[in-house]
Each structure stands twice: as C-alpha cells, then as structure tokens.
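This is what each chain is made of:
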Amino acid sequence: MNDGTAGAGTILAVDDEPDILIALEDLFEESYRVLTTSRPAEALEILRAEPDIAVVLSDQRMPGLTGDALLAEARSFHDAQAILLTGYADITAVIAALNRGGIVGYVTKPWDPGLLRSTVRQAFERHRLGRDLATERALLRGLLDHAQDAISFKDADGRFVRLNARKAALLGHDIAACLGRREDALLGPKAAPVAEADEAAIRSGAVAESLISDGPTGAEQWSHVTRVPIRDAGGAISHLAVIERDVTEQRTLEARLRQSDKMQALGTLAGGIAHDFNNLLTAILGSLELAGPRVADQPRVQRLIENARGAAERGASLTKRLLSFSRAHDLQARAVDVNALIAGMSDLFGRSLGGLVTVVTDLEDDLPAVQVDPDQLELAVLNLCINARDAMPEGGTITVATRRLSIGGDPEIADGPYLGISVTDEGTGIPEEILRRVCEPFFTTKAVGQGTGLGLAMVFGLAQQSKGRLAIDSEVGRGTRVELALPFAAQAPEQVAREAGAAPVEGRRARVLIVDDDPQVRHVTASFLTGFGHSTTEAGGGEAALQHLQRDRYDIVVADLAMPGMSGIELAAEIRDRDPGLPVLILTGHADAMQIPEDLPVLSKPFRSADLAARVATLLEDAAGQTG
C-alpha cells in the first residue's frame, strides 16, 4: 500500500497488478491523495480505517474477490463513489457491478488518461455534493427534532414537505399524516388566517413576521411567527419556511411589567392622595369630636354630627384600602371576631357592589377568633365579593359564610382546626385553564380598565402570610366558591382590646410643642391636648419649631411627618442631637411616605383625642422613668 501525497481529496486504487497501481498513482498524485493496494481484503480494511475516501478505482478480475463483489461489500459501510476498471469488454460483468456494487462508471483498460481523470473528477464532485447534502439533511433533521420552535416547510401551494414533531402536535396529527396536506385541510376554517398569511408572504417574496394568539381570553397562547420565502435556481419562490415560537411567557412578563409600572405610578399617586385625605379627615373628625360636647343639649345637631362622623370614618376606612394597594403592606395580625367583622360590612357591601346582587350571610355561631390583619381581611372579603359580582353580570346572590374546618394532609398548611370564610356566587364559573392562573399577580380576564389582577393575588398573599390557605372550586355555568382558611387565635378579641386600651390617658400636665404645616390639623391637635389639660404651642414647620425650642422648654414635641423644608424625621433627629431626653411623637397620614426609624413613635391620622392623649401620656411616663 502506498499513501501517496496529500491533495484535495483521497482516492483508493485496487488492482492485483503492481504496474497498474503505479500508473494510477502517477496519474492522480498531483490532484489527490492516492492510496493503493493489490489485495481486495486489504482494500476493505483501508476503507474502514479511512472514512474520508471519496473514490474507489477497482479492477474487476482479481484473485479471491472480484471488483463488483468488493464494491458491493464496501457500499454496505462506506459512501465512496466506485469506478470499475476492466481489461475486457464483458458487459455482463459491468452490469453485475452496477447491480451489486453501485458503481458510478467504468473505464476499460488500457484507459484514456483524460477520460479517466474526467470520470474520477466527476465521481469526486458527486461524493462532495453527497456529503454536503447529507450534512445539510442531518443539520435540518437535528433542527427539526430538537428545536423548541414549531418549524415547517411548505411548497408554493401550501402543502407540507417537512415539519417537526412540535408543529405536528399543534396540528393534532403525527408528522406522516401532515406531509403533502395543507394546514386548512388539517385544522379546517380555523386555519384560514394562516393560509392568507402564507400566501401574502409568498406574494411579497420578503421575510414576514407576525404575532398571533390562540385560546380563551385571559389564557391566550402567544406565538411569534416568521415566514421565509425560499427561491429555486430560477429565482421563483418554490417553498415557504415557517417558524413559530411560543412567546406566551415573554408576553406575560411584559404585561406584568407594564402593569407593575402602572400600579407603581398609581401607588405613588394613591399615597399622596391618602396623605392629603387623612389630613382632611383628621381636621374633620377632630372638629366633629370637639363640637360634640358643645351641642350635647341639641339632639338634632348631635345626629347630624354623628352622621358626618360616620361618613368621615368610612372615608378613613376607604383610605386604608387605598393605601393597601399603594405599598407593600406589613400585616398587623391580631385576634379578630370574623363574624362581627363580616356583619359590620353590610353597608360596605351595599355601597361597593351595586343593586344587581344580593349578599346573604351564613355565619356559624360561637366561632373562636382568628389571627389575622382585620383591615386586610375586610379588604379580602370585599375583593372576593366584587369578583363574584363581576361573574354575575345579570345579577344574583352572593353567599358569605363561615364554618369550622379540620384540615389534615394538606401540603400547604399544618394539620389542625381552622376557620373557613367562603364567598360563593351563581355566576359563569372559571374554565380549568384559567383557574390555574387566577392567583397570579396582575393576571385578569376582565377588560382593560376593569381589573388590575391584584384582587385574588392579594387574598392569596393574605392567606399565606397568615399561615392559612386559599381554595377555589368552580364549574363553568354553575358558579364559583372561594374559601379562605385561617388559623384560630390564642387570645380572644376582648382580651386584646383590653390590653390595647391599657395605656394611661390621664397623666401629668405637660408643655407640648405641636408642629404641622396644615393649620387645621395643627389646631385640632392642639385643641385635643388642651382638652386633656396640656399647655400647647403651635409651629408651622421644622425651622419654627427649633426656634421655639431655643427660647422655651417643652416636655414633648408632636410633629407631622411630611412637611415642606424639614420633615418630621429630620426635626426629630435635630431635637435628639440637642436634647436626647425630649420625646418626639410623629403624626402621619401615610407612614410609607418615607423611612421612619423604628425607635421613633408614630400615630396614624386620622386619630381620636383619646388615642393622641394616650400616646402622649405613655411617652411622658417613659421619659420621666428614664430621667428618674
């Protein structure tokens, strides 16, 4: 065997006559790497060891194995092009070689050098093109089999010529059943827009991209479709490649981001509105409380004052719910009588749900208190009722019920007794594909502007933070039942109430510096404290307060949080630098307006006179204890 020299490709010459091999090597060594052998068995070994051999030149009549038999065996494991060399014009041997060995040509001995070179060159080119085609097929097959996208190739009439399993699955068939058929033949009228888009891409001759959706509202599956027209050698469009990528998750994330930005902007606005609104409510409620004793002998006026106070307190409750959407709410869990809370929501149901629905309650007697944030629980029940109302556009009955639960074997929560709060409607129900997503933040099936997608997400979050669970049962056309399970509290609400009210109201008389940029709130605060025997001085801002502190001595400073020029926090820091023992109480209508130090006492607006007096008395006692 002779390895010859390295060239553009490799050929193998097999002949039992050494002179012939030398002649073949001389003829091709300038253009190819030439391997030679005089033994057919060795030729097969060379072919197994050399997968890159492009052409085999073999004599027909050789001892041990004829050329056609050699080439037939080589064909079973090698893709080299085969040329038969024969020294006699035996057409029978040539036909046998064609049938058995798959030769691409034959050359008689003695050969014409030009003809033999041409035959080998053509065979070499066929081998190269075959390898390229096999590579492209392997790449295409790998792409089709392993791509996450749905990929298909159609002819100019829209018939499938290639497609992968993902595309076939979208069509509801296997690959074989789709080949040669149009998409509308597989999907019916549903595929009409697809056929129109395919035809438009073929007419335009340019790459076309589109975004399509499929599925029920609120649970759509989104696909980004790219259509690539493919031209033949003459320039005419012969095929169309279609790549469909599932972008549902991307679209969902984009929608959530847009909704998040929107809610952040609304939250900032809500916080500002709540701050101003709480200042107004403080002035209103404070003025009503101060006016009440002065008309104690006028029942009609008293009723008017109580009506106004009730409306203002409902406004304060509404502001709390507004703030719960404007910030990440830290739950203030305590023992709550759920039946009493739901019974107290009857007016709220009437104002919030409208006249088309009726709310009935089914409350089990003698239920222990649960450990939960009452404001958030009230908001959760209201949100569930609003969802129930929206599920009954023509009206119906909403049932709010409570019951004892004994839960065991639930991986979400610990085994034990719970209180169940359920809201049941007679509405349209929730399809299964949507039911899996209803608790996702910002997911909503309502029209734009009619829902934020935060209602059930907030209820779900409340359940988790309260160590409970949320369960939803729904049947399309029959209605939905949402049940919130909450753990029982260790204490009764009455005990908590007594402890919360244990702070002393009566205490020593003190000189109080009141700092607030709102003169109405400042006046109400001063009037409250004056009524409890304190001496008060008013300041409209932080700088004015510091000037008062330089001139006079005070026992406590009561300051608003958000003020122009100097905030209540900055004022408190200045006071602590000058007089560390002087207590400061911060009043705020929006505690999240800025970061408040944990050791700085805070009282939220609006407040009652007793609440303010109790906090002041407690701070004065603490200050006296530290100095004593």
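Going by the structure above, here's the rest.
In this section: helix 2 (residues 40-49). Every buried residue of helix 2 is listed here: Pro40, Glu42, Ala43, Leu44, Ile46 and Leu47. Packing partners of the buried residues in helix 2 comprise strand 1 (10-14), strand 2 (33-37), strand 3 (53-59) and helix 3 (67-75).

Looking at the secondary structure, you find asparagine 164 in the loop between strand 7 (160-163) and helix 6 (165-171). A distance of 2.9 Å separates a polar side-chain atom of asparagine 164 from the backbone oxygen of aspartate 149. Reaching out from asparagine 164, the side chain makes a polar contact with the backbone nitrogen of lysine 167 at a distance of 3.0 Å. The residues touching asparagine 164, leaving out its near neighbours within four places in the chain, are Leu144, Ala147, Asp149, Ala150, Ile151 and Ile175.

All right, on to the pattern of salt bridges then. Two side chains with opposite charge may pair up if their charged atoms get near one another. A full pass over the atoms with the stated rule returns 30 salt bridges. Notably, a salt bridge pairs lysine 109 with aspartate 59, separated by 3.1 Å at the nearest N-O pair. Of this pair, lysine 109 sits in the loop between strand 5 (105-108) and helix 5 (113-146) while aspartate 59 sits in strand 3; the two residues are 50 residues apart in sequence, bridging distant segments of the chain. Exposure remark for lysine 109: the relative accessible area of 18% places this residue in the buried category. Across the salt bridge formed by arginine 245 and aspartate 149, the nearest N and O atoms sit 2.8 Å from each other. Of this pair, arginine 245 sits in strand 10 (residues 237-246) while aspartate 149 sits in the loop between helix 5 and strand 6 (150-155), placing them 96 residues apart in sequence.

Attention now moves to the packing of aromatic side chains. Enumeration over the complete set of coordinates arrives at three aromatic pairs. Site record: aromatic cluster; members linked through ring pairs are Phe28, Tyr32 and Phe124. One Lys or Arg, arginine 48, reaches over the ring of phenylalanine 77 and ends 4.4 Å from the middle of that ring. A cation over an aromatic ring shows up here: arginine 511 above the ring of tyrosine 554, its NZ or CZ 5.0 Å from the ring centre.

Conventions we followed
- Residues numbered from 1 in each chain as written.
- Predicted model: local features only at pLDDT ≥ 70, side-chain atom pairs only at ≥ 80, totals over all residues.
- Heavy atoms only, no water.
- Buried < 20%, exposed > 50% of the residue type's maximum accessible area, 1.4 Å probe, protein only.
- Helix = DSSP H or I, 4+ residues; strand = E, 2+ residues; numbered from the N terminus.
- Contact = heavy atoms within 4.5 Å.
- Polar contact = N/O pair within 3.5 Å; in protein donor to acceptor, adjacent residues only side chain to side chain.
- Salt bridge = Lys/Arg side-chain N within 4 Å of Asp/Glu carboxyl O.
- Phe/Tyr/Trp six-rings, centres within 6.5 Å; stacked < 30°, edge-to-face > 60°.
- Lys NZ or Arg CZ within 6 Å of the ring centre and 35° of its normal.

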